[in-house]
Amino acid sequence: MTDSAGGLLPKRPLLGRRRLLARAAGASLVLTLPLGCTGLVPGSRPPPRIFRLTPKSSFPADLPLMDWQMIVEAPVANAGLDTTRVALMRGPHEIEYYARSSWVDTAPLMVQTLIIESFENSGKIVSVGRESLGLRADYLLKLELREFQAEYQEGPLPRAHVAISAKLVKLPSRQIVAAQTFEGYETASADTVEEVVNAMDVALGRVLRDMVVWTLTSGQEFWDVAPGS
């Protein structure tokens with residue numbers, strides 16, 4: 001091949017077939033290596049973590065033994081708390097949730113179960129359960145779950161906040177015997193969902209203990225005055 005002046009042009013080096021194949025294979029390896037190293041299916045996420053809290057099991061030894069039965073209603077709650085998601089609040093108006101973290105049941109149903117178990121653990125009441133069990137109950141415990149979240153409003157660490165409003169109702173007259181709101185706080189030891197759950201367990205435990213003592217004491221006081229009314 002010649003140039004416009006009639007001189008010979010220098011020959012361009014030609015890549016051999018083997019070198020071209022080697023380059024193509026190397027590029028393919030670079031493209032596929034990161035996916036192979038992750039070990040995850042594209043688009044997959046870790047499964048959600050499921051947490052549960054514990055009932056209260058220690059109570060004052062001088063609690064009297066009751067000879068009446070009681071139904072514990074599932075607490076009513078607003079839509080932000082009536083969920084399996086673990087709630088948090090960074091201010092007074094907005095509810096958020098921890099990512100990929102859930103309670104074992106919706107918060108009201110989980111709390112109802114823990115309240116019933118706490119009464120049973122006291123060993124001071126003849127029978128306690130849900131309305132679905134068909135108990136011939138002497139009392140009804142009506143509940144409202146008002147607070148059940150971690151709060152980031154004070155200090156660098158989140159604080160667990162639990163508040164439950166309770167009304168003790170005499171059956172069958174539906175007379176309200178006593179009413180009380182129980183509240184518990186506990187600051188988490190670290191800003192992690194695990195420590196938030198531990199703090200929620202402590203805060204709820206205080207509420208459960210106070211509620212059991214108050215309910216048994218108030219119910220027995222009324223029972224002594226007007227048994228079976």
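Predicted, not measured: the structure shown is a model, and the values here were computed from it.

**Student:** Please clarify how the environment of Glu186 should be interpreted in this entry.
**Tutor:** Locating Glu186 in the fold gives a position in strand E8 (residues 175–187). Between the C-alpha atoms of Glu186 and Ala199, which are 13 residues apart in sequence, the distance is 5.3 Å. Every residue in contact with Glu186, bar those within four places of it in the chain, is listed here: Pro158, Arg159, Ala160, Ala199, Val202, Ala203 and Arg206. One polar contact links Glu186 to Arg206, side chain to side chain, over a distance of 2.9 Å.

**Student:** Teacher, can you tell me more about the pattern of salt bridges here?
**Tutor:** When charged atoms on two side chains of opposite charge get close, those side chains can pair. The full count for this structure, using the stated rule, is 7 salt bridges. With a closest N to O distance of 2.5 Å, Arg49 and Glu194 form a salt bridge. Here Arg49 is found in strand E1 (residues 49–51), whereas its partner Glu194 is found in helix H3 (residues 193–225), with 145 residues between them in sequence. Here Arg206 ties to Glu186 by a salt bridge, and the two come within 2.9 Å at their closest N and O atoms. Here Arg206, found in helix H3, pairs with Glu186, found in strand E8; they are 20 residues apart in sequence, far enough to count as distant. Arg206 gets classed as partly exposed once you look at its relative accessible area, which sits at 39%. We classify Glu186 as partly exposed; its relative accessible area is 23%.

**Student:** Would you mind going over the pairing of strand E3 (residues 85–89) with me for this structure?
**Tutor:** Side-chain direction in a regular strand flips from residue to residue, so the side chains alternate between the two faces of the sheet. Most of E3 is tucked away, with 4 of its 5 residues classed as buried. Bridge count for E3 against strand E4 (residues 96–103) is 3 bridges, and the pairing is antiparallel. Bridge pairing in E4 places Leu88 opposite Glu96. Taking the residues between adjacent antiparallel strands as the criterion, E3 and E4 are bridged by 6 residues.

Parameters and conventions
- Residues numbered from 1 in each chain as written.
- Predicted model: local features only at pLDDT ≥ 70, side-chain atom pairs only at ≥ 80, totals over all residues.
- Heavy atoms only, no water.
- Helix = DSSP H or I, 4+ residues; strand = E, 2+ residues; numbered from the N terminus.
- Contact = heavy atoms within 4.5 Å.
- Polar contact = N/O pair within 3.5 Å; in protein donor to acceptor, adjacent residues only side chain to side chain.
- Salt bridge = Lys/Arg side-chain N within 4 Å of Asp/Glu carboxyl O.
- Buried < 20%, exposed > 50% of the residue type's maximum accessible area, 1.4 Å probe, protein only.
- Pairing = 2+ DSSP bridges.

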